[in-house]
Every structure is written in C-alpha cells, then in structure tokens.
Amino acid sequence: PAAVESKICALEPLREKRVKVYGWVHRLRNQKGIIFIVLRDGTGYLQAVLTGDVYEKANYEFLTAGPESAIELRGTLKPVPEGKSAPGGHELVVDYYTIVHAAPIGEEAFTNQLNAEADPSVLLDQRHLVIRGETASAVLKVRARALRAVRDTYEALHLTEVTPPCMVQTQVEGGSTLFKLDYYGQPAYLTQSSQLYLEASLPALGDVFCIQESFRAEKSLTRRHLSEYTHVEAELVFLDFETYLQHLEEFICQTVERLLADPVAAPLIKQLNPGFKMPERPFMRLKYADAIKYLNEHNILDGEGKQHKFGDDIAEAAERKMTDQINRPIFLTYFPTELKAFYMKRVPGHPEITESVDVLMPNVGEIVGGSMRIDDMDELLAGYKREGIDPSPYYWFTDQRKYGSAPHGGYGLGLERFLAWLLNRYTVRECCLFPRFTERCKP
Ligand code: 4AD
Ligand code: MG
C-alpha cells in the first residue's frame, strides 16, 4: 500500500498503517541482522527497526552513513509490546529507506562529545550542532510554546500586540549599555526596551504588549546577562499600583498554567525540571527597605563584603541568595527613586521611593522589572533633568503628558530568564537559539 507521509509527532492515529517519515539519524545501533535507528525530525523521536531483506542492503549502506545522516523511512507503524518502551509507544518496521544525505563517518563523524562536560567556549562555538541535542532542543521547544502561551494570556487579558522599532534615538535604561549605530549619518541606538513606544500606543490601542529583541551592551559576564535578549513587555492604562501588581501576578501564573497544560511543553518541563511546582499565590510582597533589613539580618553582604544600606543597588549575588533562601516568587517593591530610571512614578507623599517592582524567582533572581509611570508633564521634565537627558528626541514621549495623560504602568520580562527559572537552567545562554553576550557574536 502507498505510505502516508507524516511528522513524527502526528503518527499516533496511523498505527498499523504504512507511513513515510523524514528525519535525521539521532542514534543507530547495528546488531547482527538488525539495525535500530532513532529518527529525529524536530517534532519528535521515532524508533525504527530494519531487519530481513532491508537489513541486507542497509547493513552495507549504514556502515558508510554516519550519525546525523538525513534519511527517509517507510514502513508499518507497530505498537511496541508490553514491557518495552519506545518514544510514542510505537516502532516503525521499515520496508524501504533512502539516504537523502550521508553524514561523514570516521574522524569527521558527528559525535556526542558535545556533552555537558565539554569546555563551555567549545560548546558555544559548536552551538549550531549542540542545538540538535535532546536537552538543547527541548529548551528551544518550550521556548516556542512559551511565546504562544504569553500571546494567549495577553489575548485573554485584552492586550493588543504591537511591533515597535528596534532602531531608536532614545534611551530607556541608562546610557551606559547602549549599542550605538550610524543611522544615515545620524546617531541612533539598538533599543534597550520598547517601553516608551508601548506608552505612546496606549491612547491608540488601549493596553498593549510586544515581544521584541532588546539590546544591552553589558560589560559584565554573568550567567543571566545577554547582549541581545527577547523582551516581553506590556503597558496598561487606567489602573493603580495595586491593580497593576495583581495583573502581573495573573500574567505570570496564567502563562505558567498554560504551559503546564500544553501537551508539547508539559512533558518537556517535567523532563528538564522534575521538581517544578506551580508558584503559590499570592506572591510574597517585600518592600525594598525590608529587603535591605532582611539582607542584614541574614548576614548577606554586598560585593565589597559590607552590610547593605538604604539606597544600595542590591547586587546579583545577594539578590539570588535572598531569593533562594525565601524559595518562592517575590514582588520586590518600592525601590528608591535614586536607583531607578527617569520615568518611574514616585509614591504620593514619599518622593524618595517609586511605585516599582522587580519579580524575583529562585535560581535566577530578577526576571521582571516594571513600574507605574510618571504621567505629569512637569514631573517628567524634572526626571529628564535629573538624569541629564536632552528632552528634544523625547518630544513624542513627552507629548503623551499633554494629550489625555492617564495613570499607567508596565513591565518587561526577560524571556530567557523566565525559561531559566521554569526549566531550571544554570544560565540564560542555554535558553536562546544563538546567545549573544560580551564579546560573542557567533555563530
Ligand atoms: O529591568 P529592565 O532593565 O527594565 C526595563 O527595560 C523596563 N523598561 C521594562 C518595562 O518596564 N517595559 O529589564 C526588564 C527585564 C529584566 O527584569 C530582565 O528579566 C530582562 O529584562 N533583562 C535582561 N535579560 C537578559 N540579559 C540582559 N542583559 C537583561 N537586561 C534586562
Ligand atoms: Mg531591572
């Protein structure tokens, strides 16, 4: 009978039928009279067996075709007997095959020496091959599903997606991490955050979000800093800080719930992070001032080995230590005005602190940063001045405070940090396709 072509993930209804699949030789074992192949097509893994007549020909050919060869297989899909296990619970009994492209054998053969113990810089140079591995591809698959889950959550919460520009002439998070570029002879930057554009979109579209690359010329090599990362940002209007925090908790929890209910993502999350549990709600609230107390009471010192004081930027190591001790999501709120960007709204009656929040997760620390925004014209002009920002390129942002200004707030979530938390990865570098960080711009 003619074979039905199928992706591996969609084979289940085709049991006992003759099927045709394409993929790469993930593993191959050649025993006397029988070849076992684990075929990988990106949607899943399929065990295939070649015996009898097919084996006779294949035995010779597969001796000269190495792992990662691209092949076509046809045959009958059989459920595996009780007690035996195979991906998807079935096995392809091959009656016909084609080698589409034979990968090398011998010295040049693709090897699995690209394992966790290899030198990290070798692994990074070979990232184009590493991503074929089971762990790396599982992370990337969950990443794809996470993008979907984020979009579905925002749909449910009535936010509209926009796609702001990457090339900009304004900074959002300080001049020191800007990538500068020559824009037809004018200075411009790669965007650090789409926040200002989201704010400008509110009167046009209501609550909005975007999923856009952000760029930071970070000089520090840490496990959670990239030079280019995927930034999930949202901006909401007509709300106060408390409602804003509730939205943020809802967004995170709904997104995780969707992933845990997703037939593709859920088993991969379980495989990569067996201990993962849905965070308890409500999230713990911790004021910045109380975090400083916590750090001192628990003898968590700053980078110079000193006690923390109000106004200190809590460094990555201290932040992670505290979060790991508390071991649940934290809304760290009310940061000092001095520490934060020009656009953050101050607490009414307390100009020394802002209506701001960082979401901290165990193992990673900060995965979200956000705040309510200054909606008063004079306050914003004072904010530019305080940071030494020339207001002229910001005319369009300032205009929002002239034409129907309204209370609003937003946040940015680093997708790679979210995944590092969800999937218990050591570094954000594992959570994107081809990571960019200090001095690495390849492959
Ligand atoms: O805290 P950040 O700098 O805040 C903003 O950019 C705001 N303008 C966002 C907004 O309110 N719309 O960055 C937000 C998040 C961080 O919490 C972190 O998860 C991630 O972006 N992030 C990075 N991720 C990887 N590498 C880097 N260098 C990152 N810098 C920030
Ligand atoms: Mg931040």
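Residues numbered from 1 in each chain as written. Chains lettered and ligands numbered in written order. Predicted model: local features only at pLDDT ≥ 70, side-chain atom pairs only at ≥ 80, totals over all residues.

Colleague: How should the UniProt feature "domain: Aminoacyl-transfer RNA synthetases class-II family profile" (unreviewed entry) in the protein be read in this particular structure?
Modeller: UniProt records the feature "domain: Aminoacyl-transfer RNA synthetases class-II family profile" (unreviewed entry) for residues 140–435 in the present numbering. Note that residues 140–435 is 34% helix and 23% strand, and that its end C-alpha atoms are spaced 12 Å apart. (UniProt positions renumbered as here; feature names shortened; annotations may be inferred. Helix = DSSP H or I, 4+ residues; strand = E, 2+ residues; numbered from the N terminus.)

Colleague: For this particular structure, what's the right way to read the pairing of strand β12 (residues 228–237)?
Modeller: Within a regular beta strand, the side chains point alternately toward one face of the sheet and then the other, so they alternate between its two faces. The buried fraction of β12 is high, at nine of 10 residues. With eight bridges joining them, strand β11 (residues 208–215) and β12 adopt antiparallel strand pairing. Looking at β12, one finds that F209 is bridged to A234. The sheet contact formed by β12 and strand β19 (residues 408–414) spans seven bridges and is antiparallel. Bridging across to β19, H231 finds its partner in G414. (Buried ≥ 20, exposed ≤ 12 C-beta atoms within 10 Å, placed from the backbone. Pairing = 2+ DSSP bridges.)

Colleague: What is the right way to read the pairing of strand β4 (residues 45–51) from this model?
Modeller: Inspection of the sheet shows strand β3 (residues 34–40) paired to β4 by seven bridges, in the antiparallel sense. Following the sheet pairing, L39 is matched in β4 by L46. Linking β3 back to β4 in an antiparallel pair, the connection comprises four residues, with G42 at a positive phi of about 90°. Relative to strand β6 (residues 90–103), β4 runs parallel, the two sharing three bridges. When the sheet's bridge partners are listed, A48 is paired in β6 with L92.

Colleague: Would you mind showing me how to read the domain arrangement of the protein here?
Modeller: One frequent convention defines the size of an interface as the accessible area lost when the parts assemble. The domain architecture assigned to the protein consists of domain 1 (4–108) and domain 2 (127–431). For domain 1 versus domain 2, the separation of C-alpha centres amounts to 45 Å. (Domains from an automatic or database assignment.)

Colleague: Even after reading the chapter, I still don't get the packing of helix α4 (residues 134–156) against helix α12 (residues 415–422), so can you show me in this structure?
Modeller: To characterise two packed helices, one gives the angle between the axes of the helices and the distance between these axes. Here α4 crosses α12 at 120°, and the two axes come no closer than 11 Å. Taken together, the axes of α4 and α12 are oblique relative to one another. The handedness of the crossing between α4 and α12 is right-handed. Residues V139, V142, R143 and A146 of α4 lie in contact with α12, whose contacting residues are L415, F418 and L419. When grouped by side-chain class, the residues that make up the contact of α4 with α12 number six nonpolar, no polar and one charged. (Axes fitted to C-alpha atoms, helices over the stretch in contact; angles between N-to-C directions. Parallel < 35°, antiparallel > 145°, perpendicular 65-115°, else oblique. Left-handed = near helix turned anticlockwise from the far one by under 90°. Contact = placed C-beta atoms within 7 Å. Nonpolar A, V, L, I, M, F, W, Y, C, P; charged D, E, K, R; others polar.)

Colleague: Can you help me understand the sheet that holds strand β9 (residues 180–183) in this one?
Modeller: Pairing between the strands of a sheet is mediated by backbone hydrogen bonds and can be parallel or antiparallel. If you walk across this open sheet you meet the three strands as β8-β10-β9, and the pairing is antiparallel. Sheet topology places β8 (167–168) and β9 at the edges, where each strand pairs with a single neighbour. Where β9 meets strand β10 (residues 186–190), four bridges bridge the pair, whose relative direction is antiparallel. Within the sheet, the bridge partner assigned to L181 lies in β10 and is A188.

Colleague: What is the right way to look at unusual backbone geometry in this model?
Modeller: Excluding glycine, residues mostly carry a negative phi; peptide bonds, for their part, are mostly trans. Note the cis peptide between R281 and P282, where omega equals -5°. Among the structural elements, P282 can be located in the loop between α7 (265–272) and β13 (284–287). A positive phi angle, close to 70°, is found at E16, a residue other than glycine. With respect to the element layout, E16 can be found in the loop between β1 (4–5) and β2 (18–31). Backbone geometry at N327 places phi at a positive 55°, although glycine is not the residue there. Structurally, the position occupied by N327 is in the loop between α9 (316–326) and β14 (330–333).

Colleague: Help me understand α12, please; the structure alone is not making it clear to me.
Modeller: Residues lying three or four places apart along an α-helix face the same way, a consequence of the helix completing one turn every 3.6 residues. Within α12, eight of the eight residues are buried, leaving the element largely enclosed by the surrounding structure. Among the residues of α12, those classed as buried are L415, E416, R417, F418, L419, A420, W421 and L422. Check the buried side of α12 and you find it contacts α4, β12, α7, β17 (356–361), β18 (365–372) and β19. Following α12 by one or two positions, N424 has its phi on the positive side, about 55°.

Colleague: For this particular structure, what's the right way to read the sheet that holds β11?
Modeller: With mixed pairing, eight strands are arranged side by side in an open sheet as β7-β11-β12-β19-β18-β17-β14-β13. Of all strands in the sheet, those bounded by a partner on one side alone are β7 (160–161) and β13. The pairing of β18 with β19 spans five bridges and is classified as antiparallel. Residue pairing across strands places S371 opposite G410, the latter belonging to β19. Contacts from helix α8 (residues 288–297) reach β13 and β14, with the element oriented near 85° to β13.

Colleague: Help me out: how do you make sense of the site of ligand 1 in this one?
Modeller: Residues in contact with ligand 1 amount to 24 residues; listed here are only the nearest, S193, Q195, G369, G412 and G414. When contributions to the shell around ligand 1 are tallied by element, the ones reaching two or more residues are β12, β18, β19 and α12. Looking at the shell around ligand 1, its residues break down into eight nonpolar, nine polar and seven charged. (Near = placed C-beta within 6 Å.)

Colleague: Help me out: how do you make sense of the confidence of the model for the protein in this one?
Modeller: Residues shown with low pLDDT carry predicted positions that ought not to be read at fine detail. For the protein, the average pLDDT comes to 95, and 98% of its residues sit at 70 or higher. For this predicted complex, the interface confidence reaches an ipTM of 0.99, while the overall pTM sits at 0.96. (pLDDT = per-residue confidence, 0-100.)

Colleague: Honestly, the packing of α4 against helix α6 (residues 241–260) in this entry has me stumped. Any pointers?
Modeller: Between α4 and α6, the least distance of the axes is 9 Å, while the angle of their chain directions is 130°. One element, α4, and the other, α6, form an angle in the oblique class. In the packing of α4 onto α6, the handedness of the crossing is right-handed. Contacts between α4 and α6 involve R145, A146, A149, V150, D152, T153 and A156 from the former and F251, Q254, T255, R258 and L259 from the latter. When the residues that make up the contact of α4 with α6 are grouped by side-chain class, the tally is six nonpolar, three polar and three charged.

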